[in-house]
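# Descriptive analysis of the structure
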Amino acid sequence: MADLVTFTIDGRQLQAPAGTLVINAAKKAGIEIPAFCYYDGLALQAACRMCLVEIEKMPKLQPSCTMPVAEGMVVHTDSEQVKGARKGMLEFLLTNHPLDCPVCDKGGECELQDMTFRYGAAESRFVEIKVHEDEKQWSPVVYYDPARCILCYRCVRICDEGLGVNALSIGNRGVHSEIIPNNSDHLNCDECGACIDICPVGALTSGAYRYKTRPWEMDHVGTICTHCSNGCKTTLGVRNGEIIRGNNRDRSGVNGEFLCVKGRYAFDFTKAPGRLETPLMRVNGKLQPVSWAQALAAVGQKFSEIKQRNGKFGIIGSNHTTNEENFYLQKFARHVLGTSNIDHHRTGDITTLMDALQGRENALATVGDLYTTKAALIVDNDLAQQQPLLAFQLRANWRHHKANVYAVTPGPVREDQYAKKIVRAAEGQEFEALESLRDQLQAEEELVILFGDPIKGDAVRKLVAFGDSLGKPVKYVCLVDYSNSRGAADMGLLPDLLPGYRSVRDAGLEPGLAYDEILNSSDLDALWVIGANPLSRHELVAANAFVVVQDLFLTETAQRADIVLPASSAYEKEGTVTNVCGEVQQLKRAARVMGSKPDLEIIGLISKEMKANIGIWKSSKVLNEIRAEVSSYRFPLIVVESGGAAATNPVNGPVPSTRSDLVQSARNNLFHSGTLGRHCSTLKAVVEAPGTIYGELVNEPEEALEPSTTQQ
Amino acid sequence: MIYNEPSPLEVKVISQRFTLPNSAAIDTYLATDGYLAVKKALGMTPEAIIDEMKASNLRGRGGAGFPTGMKWSFVPRKTDKPRYIICNSDESEPGTCKDRLLMENDPHQLLEGMMIAGWTVGSNKGYVFIRGEYRYLIDIVDRAIAEAYERGFLGKNVFGSGWDFDIYTHTGAGAYECGEESALLESLEGKRGIPRLKPPFPAVVGAWQSPTLLNNCETFSAVPAILRMGGPAYAELGTPKNGGTRLFCISGHVNKPGVYELPLGFNLLRMIDEVCGGMRNGKKLKAVIPGGSSSPVLKAQECDVPMDFDSMAKLKTMAGSGGVVVLDEDTDIVQLAMRTMKFYQHESCGWCIPCREGTTWLKKILDRFHEGDGRSEDIPLIGELARNMLGRTFCALGDAAAMPTIGFIEKFRDEFEAHLLKTQDPQSPELIVL
Ligand SMILES: Cc1cc2nc3c(=O)[nH]c(=O)nc-3n(C[C@H](O)[C@H](O)[C@H](O)COP(=O)(O)O)c2cc1C
Ligand code: SF4
Ligand code: SF4
Ligand code: SF4
Ligand code: FES
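Note that this is a predicted model, so its numbers are computed, not measured.

Rules used in this analysis
Counting from 1, residues in each chain are numbered in the order their sequence is written. Note on labels: chains are lettered from A, ligands numbered from 1, in written order. The predicted origin of the model limits local features to residues at a pLDDT of at least 70 and limits the giving and counting of side-chain atom pairs to 80 or more, whereas totals for whole chains, interfaces and linings rest on all residues. Residue ranges for the domains originate in an automatic or database domain assignment. A residue counts as near a molecule or strand when its C-beta atom, positioned from the backbone, falls within 6 Å of it. Note on residue categories: nonpolar means Ala, Val, Leu, Ile, Met, Phe, Trp, Tyr, Cys or Pro, charged means Asp, Glu, Lys or Arg, and polar means any other residue, Gly included. Residues are defined as contacting one another if the C-beta atoms placed from their backbone atoms lie within 7 Å. Confidence of the predictor at the level of single residues is captured by pLDDT, which takes values from 0 to 100. In this description a helix means any DSSP run of H or I spanning at least four residues, a strand means any run of E spanning at least two, and both kinds are numbered starting from the N terminus. When DSSP finds two or more bridges between a pair of strands, those strands are recorded as paired. Working convention: axes come from line fits to C-alpha atoms, limited for helices to the stretch in contact. Angles between N-to-C directions cover 0 to 180 degrees.

### Details of the domain arrangement of chain A
- You can read the domains of chain A as domain 1 (4–93), domain 2 (100–271), domain 3 (280–347 + 484–697) and domain 4 (350–478).
- Between the C-alpha centres of domain 1 of chain A and domain 4 of chain A there is a distance of 41 Å.

See the structure below:
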């Protein structure tokens, strides 16, 4: 820690490490110094001059955002001179500001309004004609109104420094200065909206939200993004049960205020055309709308019948459903249906990693670790495209702490911009590349290794052996795709593993059929799919199987179903999910969609139809059951309930894992998100879609044909 | 070519070759002590050269008047980083036109000065940053550089010393702000011309993050003479702490405007009367802008004063860039204030709020006021807004806009009031059509 210096602000003696900026020292002491251009973690600008303070023995007012505290320094933030300067600065700022607050999206949440209210003058002395420049649309997501822009350059910096995209710049000179996209007149960027969110005024507005509401008309629901596995907190703005905005201005959650295009804008699948609002049942070969009672009775009856004649079930669970739903589903499968034929789309080889790390503490990195680790190694992943928050964290770590980042990837990645060493290696050649880095890695104090889906089975063990051989503390992140990919594995949506990675044999069961075996089994009697779309890529061999699908949309799989049950999305229910780093966080219900039910309730109702009792379908109750069974989920509940993220540790015993060959990432990038992504108008609208991985275009499978259901 | 007749009162140190035929040619320069100083310097230690510079009491001619020897001593010499020598020939301060003559008539003097600086701080590379509008001067300086290379004075192993030195020209793109040293560096690096946060100062972290010695063109041009005659002898020419001579660019309502080399401390009234042949058309002196448009105006009664940095500071104005603008009794101060602000408004880089918005607002008020739509409350407002800018902007351009405005309003408030009365025609009160 740097030396402490003693100084005075507004008559209060304070101490802080040398190098602390006056503005931050004041903030710590509860003294607010207004600022526009200063932004924690971004480069210093000293451009807005809002933060000027009086420092004794200095001839003029000094910007507190660039002035470090010094021994014996005496600072005044409340003198008449300082107050006058703030007032004067705001008066200047407002001269060319359009003051269209009544229709501005930012009204009520605007820093310029707040500052003027607190520090400004009540009257304007400006009687001249304002400088005006028309608003521009840069992308379907980003609009820029130069007239409202106060030129604080936050947007420029977050995009360049924060994201490494560098899409924005400053153009023209003097009063005509404005922000311009580096790509002439439009953006070709991550479309993350970070620039919009960080804008203190309404100069940058979002195509998805603009002119839809006044901020105070919304409820703000902090929940977890349902797209990728990183588990960003997204605060959904909800009006009349409808989500109209996503952001995370309060910086709660593991992501601070970071969100990618999906976390911020990809919520409109909730009300997308084609969203199922009533159960469907195949009658005379056609799916017809029926009541919930009818549909559930039919499922219960058919399941009971198949069970009675010892028929063959196959169950495919989801990467998006909650831990409670997954737990409940496998419990229902194993105890009521009496089958172990249960699996899910495995997008990373988490089970082998758990086995390789057995018995260790602190072997899994958290999202927070990525910001503090001294070194990190990325193997086989285009982090900025596939794991946006993790990429952001590592970049911030490099910016703020000079972390050394190494990348072993088959193609170019954004981390190339700053990585200490980059090795291009085709899949299968990673280990030669790693050897070439050995000396450098060995010289690091500690390391976090993040690996993508090509590292599976023995390769995972080899990677851990490599990590061990460095003789330094190493932590791992097995990169998976979806919001609860990790939870699906933790909760035992696997044919051979119970929740907590215990062998099914421990419970006296035999391992069941895996994902592909279920689909390939010619004598399958029933296929039950919850929040997954296996038939978009695979055939169902058992032509006569009774198929039940719980989903939001009439996917390829749902089209083959005998009964389709409309499910609620993550934004419409409660429960917990576990992110890629094994951190458990809580969902909060934001929207309501008529006709749909949470999967937990649907499973509960089916069991009720079958006169089975597997406990009440209330997520808090199921979480208690999980905690009784899975030791790593015995984190203090308060952490999760208060909106925090609870880290989980790997298991203690060996994991009898199998079928690493089934591991395959869906190769989603920033603009993909499986079925949900296909139904997000924003993701489809941006010109960058479908996006790239390793600089190469990734084409999503053709949009599912969605024949009009008989609803219409 | 020079643009005015020399005056017998001049003390010609850096302008001595201006009147020679072919003055820019290397042979002319060599025939008149050219490149002797750098040869002498190569036999001296950096410390000895810096001592000589300090003894000369040379102060920066770019505007701020910072002691040059001291600036040279700030450049770290024990570093692995390259060091750069940069000549500020952006000359954009209204009323200033001396660097132009120095480059046009004696470019080798400038190059030699930069070489001495380069040797002193251990640099191998120099840039002459020339304002874009001086297109023809870029050619002249380029030609001089080429001549110096031909003779082996630049490039590898300068004068057999084993030391390498290259000089390049670089052109600005038409921004006053790019004369501000840190904005100049941004521009040199190919970026938008906005100033940098200071500290660190360019001497420590300058071009390409490396130590950089940046001086005005006239400052560098004085260096060879200082080394030849010795620092104390040069200092002797001026007043205490204000060594040597400088080029005064005298414009406005005098009979013989021009650029004259005079010792620092030369009396301003004598400058007008004896050097410039008195006021044009026998008019009375009203005021003088003593050091470029950024310096607050002096009223006629304040003009019996020695022209050096300290005397000007005592009068709360600046010797600045040496641009002396003489104003006669017919000068419309309101129009002058308006025109001055128009310049700064146009040139504000826009980086910081008080300068960007302050100059724009002030220009609009002054425009309106001058046009005849002034209000009595505008007069205090102008002063107040300028004071709200003063000392609060990111770089000194904001001060440069505020200071003269405050000067005009404070010293010539009566003229603003008279202008208001003159333009508000009491005969025709506003007609209200119902
Ligand atoms: C707005 C602004 C414009 C300036 N323009 C010039 C210029 O055109 N030429 C110049 O030499 N110095 C100019 N300066 C001063 C430089 O920043 C710097 O102080 C000077 O070049 C240093 O050289 P010196 O020490 O030899 O005077 C300007 C300063 C400001 C604030
Ligand atoms: S949307 Fe994101 S990537 Fe695009 S310009 Fe804004 S900050 Fe940059
Ligand atoms: S658009 Fe917003 S964030 Fe960007 S410079 Fe303008 S006010 Fe600042
Ligand atoms: S004072 Fe501010 S706006 Fe004006 S030129 Fe300097 S940095 Fe630019
Ligand atoms: S916050 Fe310090 S100048 Fe903007």
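### A few points about the site of ligand 3
- In the vicinity of ligand 3 there are 14 residues, among which A:Cys149, A:Cys152, A:Cys155, A:Cys199 and A:Ala203 approach most closely.
- Grouping the amino acids of the shell around ligand 3 by side-chain chemistry returns 13 nonpolar, no polar and one charged.

### Re the domain arrangement of chain B
Residue and element names in this part refer to chain B.
- In terms of domains, chain B is made up of domain 1 (26–237), domain 2 (245–328) and domain 3 (333–423).
- Taken over C-alpha atoms, the centre of domain 1 sits 27 Å from the centre of domain 2.
- In this complex, domain 1 contributes 14 residues to the contact, which on the side of domain 2 involves 18 residues.
- Grouping the constituent residues of the side of domain 1 that touches domain 2 by class yields four nonpolar, five polar and five charged.

### Quick notes on the confidence of the model for chain A
- In the predicted model, chain A carries a mean pLDDT of 95, and the fraction of residues at 70 or more is 98%.
- A low-confidence stretch, residues 702–712 of chain A (pLDDT under 50), is modelled with 16 contacts involving residues beyond four sequence positions or located in other chains.

### Quick notes on the interface of chain B and chain A
- Each partner contributes residues to the interface: chain B has 25 residues there, and chain A has 26 residues.
- Elements represented by at least two residues in the side of chain B that touches chain A include exactly helix H13 (333–347), helix H14 (353–373) and helix H15 (378–389) of chain B.
- Of the residues in the side of chain B that touches chain A, the class split is eleven nonpolar, eight polar and six charged.

### Notes on the site of ligand 1
- If you check the shell around ligand 1, you find 25 residues, and the closest are B:Gly60, B:Gly62, B:Gly179, B:Asn216 and B:Thr219.
- Taken together, the residues of the shell around ligand 1 sort by class into eight nonpolar, nine polar and eight charged.

### A look at the environment of A:Val165
Residues and elements named next belong to chain A.
- Among the secondary structure elements, Val165 is positioned in the loop between helix H4 (154–162) and strand E8 (168–171).
- In the structure, Val165 is positioned 429 residues away from Met594 in sequence and 40 Å away in space, judged by C-alpha atoms.
- Beyond its immediate stretch of four places on either side in the chain, Val165 contacts Cys159, Cys189 and Asp190.

### A look at the sheet that holds strand E2 (residues 125–130) of chain B
Residues and elements named next belong to chain B.
- Spatially, E3-E2-E1-E4 is the arrangement adopted by the four strands of the open sheet, whose pairing is parallel. Of all the strands in the sheet, just strand E3 (166–171) and strand E4 (212–216) have a single pairing partner and so form its edges. Across the sheet, the axes of successive neighbouring strands diverge by a mean angle of 20°, strand direction being ignored.
- Here strand E1 (residues 84–89) pairs with E4 via five bridges, running parallel. Its bridge partner being in E4, Tyr84 is matched across the sheet by Thr212.

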